[in-house]
Amino acid sequence: MTNKLLGIDLGTSTLKIYKKGSEIVFDEKNVIAVENKKKVIAFGDEAYDMLEKAPKSIQVSYPVKNGVIADIANMETLIDCSLKQVLKGSLRAGYILVAVPTDITEVEKKAFYDLIMNSKAKVKGVGIVEKPIAAALGAGLDITCANGVMTVDIGADTTEISIMSLGGIVISKLIPIGGSKLDESIKLYVKKKYNLLIGDKTAEVIKKQLANAYETTDESIEVYGRNVVTGLPSKMEISAEMVHEAIIEYINSIIDAIKMILERTPPEISSDIIDSGIYLTGGSASIKNLDKLISKETELQVNVCNNPADAVINGLGAIIEDSNLKTLTTIVTSSTNSMNRRLR
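Residues numbered from 1 in each chain as written. Predicted model: local features only at pLDDT ≥ 70, side-chain atom pairs only at ≥ 80, totals over all residues. Heavy atoms only, no water.

So what about the nonpolar core? Which residues, and what values?
The biggest cluster of nonpolar side chains holds 43 residues, and the ones touching the most others in it are Ile186, Ile206, Val243 and Ile278. For this core, the element with the highest residue contribution is helix H7 (residues 240–264), accounting for eleven residues. For isoleucine 278, the contacting residues outside a window of four places in its chain are Met150, Val152, Ile258, Ile294, Thr298, Leu300, Gln301, Val302 and Asn303. Judged by nonpolar contacts, the second largest core, of 35 residues, contains Leu15, Phe43, Met75 and Leu83. (Core = buried A, V, L, I, M, F, W, Y, C linked by side-chain atoms within 4.5 Å. Buried < 20%, exposed > 50% of the residue type's maximum accessible area, 1.4 Å probe, protein only. Helix = DSSP H or I, 4+ residues; strand = E, 2+ residues; numbered from the N terminus. Contact = heavy atoms within 4.5 Å.)

Report on unusual backbone geometry, specifying residues and quantitative values.
Of note, glutamate 23 is a non-glycine position whose phi angle comes to about 60°, a positive value. Tracing the sequence through the fold places glutamate 23 in strand S3 (residues 23–29). For glutamate 299, which is not a glycine, the phi torsion comes out positive at approximately 60°. Counting through the fold element by element, glutamate 299 comes out in the loop between helix H9 (290–298) and strand S18 (302–304).

Tell me about the sheet that holds strand S6 (residues 58–61), residues and numbers included.
Pairing is antiparallel across the open sheet formed by three strands, whose spatial order is S5-S4-S6. The open sheet is flanked by strand S5 (39–43) and S6, the only strands paired with a single partner. For this sheet the average axis-to-axis angle between neighbouring strands, irrespective of direction, equals 20°. One ladder, built from four bridges, connects strand S4 (residues 32–35) with S6; its direction is antiparallel. Residue isoleucine 32 lies in a different strand from S6, and its bridge partner there is serine 61. Packed onto the sheet, helix H2 (residues 72–86) meets S4, S5 and S6 and runs at close to 60° relative to S5. (Pairing = 2+ DSSP bridges. Axes fitted to C-alpha atoms, helices over the stretch in contact; angles between N-to-C directions.)

Could you give an account of the packing of aromatic side chains, naming the residues involved and the relevant values?
For any two aromatic rings, the description comes down to two numbers: the centre-to-centre distance and the angle of the planes. Under the definition given, this model contains one aromatic pair. Plain terms: the ring middles of phenylalanine 26 and phenylalanine 43 are 6.5 Å apart, the flat faces sit at 15° to each other, and that makes the pair stacked. Here the residue phenylalanine 26 occupies a position in strand S3, and phenylalanine 43 occupies one in strand S5, the gap between them amounting to 17 residues. When sorted by exposure, phenylalanine 26 lands in the same class as phenylalanine 43, which is buried. Stacked on the ring of tyrosine 48, the Lys or Arg lysine 29 has its end atom at 4.8 Å from the ring centre. (Phe/Tyr/Trp six-rings, centres within 6.5 Å; stacked < 30°, edge-to-face > 60°. Lys NZ or Arg CZ within 6 Å of the ring centre and 35° of its normal.)

Please set out the confidence of the model for the protein chain residue by residue, giving values where relevant.
Mean pLDDT over the protein chain stands at 91; residues scoring 70 or higher make up 96%. Segment residues 335–344 is flagged for pLDDT under 50; beyond a separation of four residues in sequence, or across chains, it makes 25 contacts in the model. (pLDDT = per-residue confidence, 0-100.)

Please give an account of the sheet that holds S18 that cites residues and values.
Hydrogen bonds between backbone atoms are what pair the strands of a sheet, whose relative direction is either parallel or antiparallel. Sheet architecture is open: five strands sit in the order S13-S12-S11-S17-S18, paired in mixed fashion. On the outer flanks of this sheet lie strand S13 (168–175) and S18, each paired with one strand and no other. This sheet shows a mean twist of 20° between the axes of neighbouring strands, independent of strand direction. Inspection of the sheet shows strand S12 (residues 159–165) paired to S13 by seven bridges, in the antiparallel sense.

Could you give an account of the pattern of salt bridges, naming the residues involved and the relevant values?
Within the structure shown, the criterion is met by twelve salt bridges. Of the charged contacts in the structure, one is a salt bridge between glutamate 204 and lysine 29, with a shortest N-O distance of 3.8 Å. In this pair, glutamate 204 is assigned in helix H6 (residues 200–210) and lysine 29 in strand S3, connecting sequence segments 175 residues apart. By relative accessible area, which is 16% here, lysine 29 ends up buried. Residue lysine 207 is joined to aspartate 183 by a salt bridge in which the shortest nitrogen-to-oxygen separation is 3.2 Å. Here lysine 207 is found in helix H6, whereas its partner aspartate 183 is found in helix H5 (residues 179–194), with 24 residues between them in sequence. A single burial state applies to lysine 207 and to aspartate 183, both of which are buried. Taken together, the shared-partner salt bridges connect Lys29, Glu204 and Lys208 into one network. (Salt bridge = Lys/Arg side-chain N within 4 Å of Asp/Glu carboxyl O.)

Residues and numbers for the layout of surface pockets, please.
By volume, the largest pocket is sized at about 1200 Å³. Contributing to the lining of the largest pocket are 48 residues, with Ser13, Gly155, Ala156, Gly179 and Ser180 lying nearest its centre. Considered class by class, the residues forming the lining of the largest pocket number 14 nonpolar, 16 polar and 18 charged. (1 Å grid on protein atoms, 1.4 Å probe; cavity = no way out; pocket = protein on both sides within 12 Å on 5 of 7 lines; lining within 4 Å. Points joined across faces, edges and corners; volume = space filled by probe spheres on them. Nonpolar A, V, L, I, M, F, W, Y, C, P; charged D, E, K, R; others polar.)

Encoded structure:
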């Protein structure tokens, strides 16, 4: 394999790139700022800093929504900028592995392939890796054997619940609930209870500092926003108890989806899951005591993997670095546009 083999986790919130032999070389917000729909002003973290602050002439947006590409043109531009930075301006790469959700249409999956092949990078082929497989590998799990493994990947816009065995996915379900839904719920709750309008960034800060899935604490923080009654800037103290009330409905929906998958799991795999438990990955897996609540509701051991937000990109890295895992990738070559199961 070429030393320029790359892995890309095209998340709703964050874009991450892994380079063979160099580990994660790009980890920034999946955001782009475009002026007058033509000129790129910024991308990544720099563009994120402009979010909710830019003038009308500058459009700041996330090109990925609900785990799929919603804005092809801006996503292509963002990929070009990111690859140029990673490849130090050469835009020459070997194969690029892309993690994609399992429970999406073939058209949506093809959009990931087209995105890379239509970029300015000279790519030999695009490898498609299903996200649950990448997340499990990133969590350090062996999914190539006959033992069943269960992962719950809680991303920004979606949660993907999967059962895997023998290198493939037995059952998987993608639900439209993730960290951004929790942020939105916090925003609406603060507005309804305190007449205070806060931004997405503030809601995310509140979630990271105060969110607790299992119990409430006496913690609180001061936040700033606009009073919807007076229209004036205002500050308010937000409690952990309020945050718990705001997010618990969505968390319970995730747990209900987990139970539904467990009900459909073959009995022999169920016995494996009883032994090994459920593995949580994704950025929102770090919510305090989320593992404790899921364990209580399912009566199963729940494990939060190390660096859950990086599980998918580290899983792609595992495939890139270990040739024995290449069969977990479907490669589409630019010359034949055909699917095969090998990294050449």
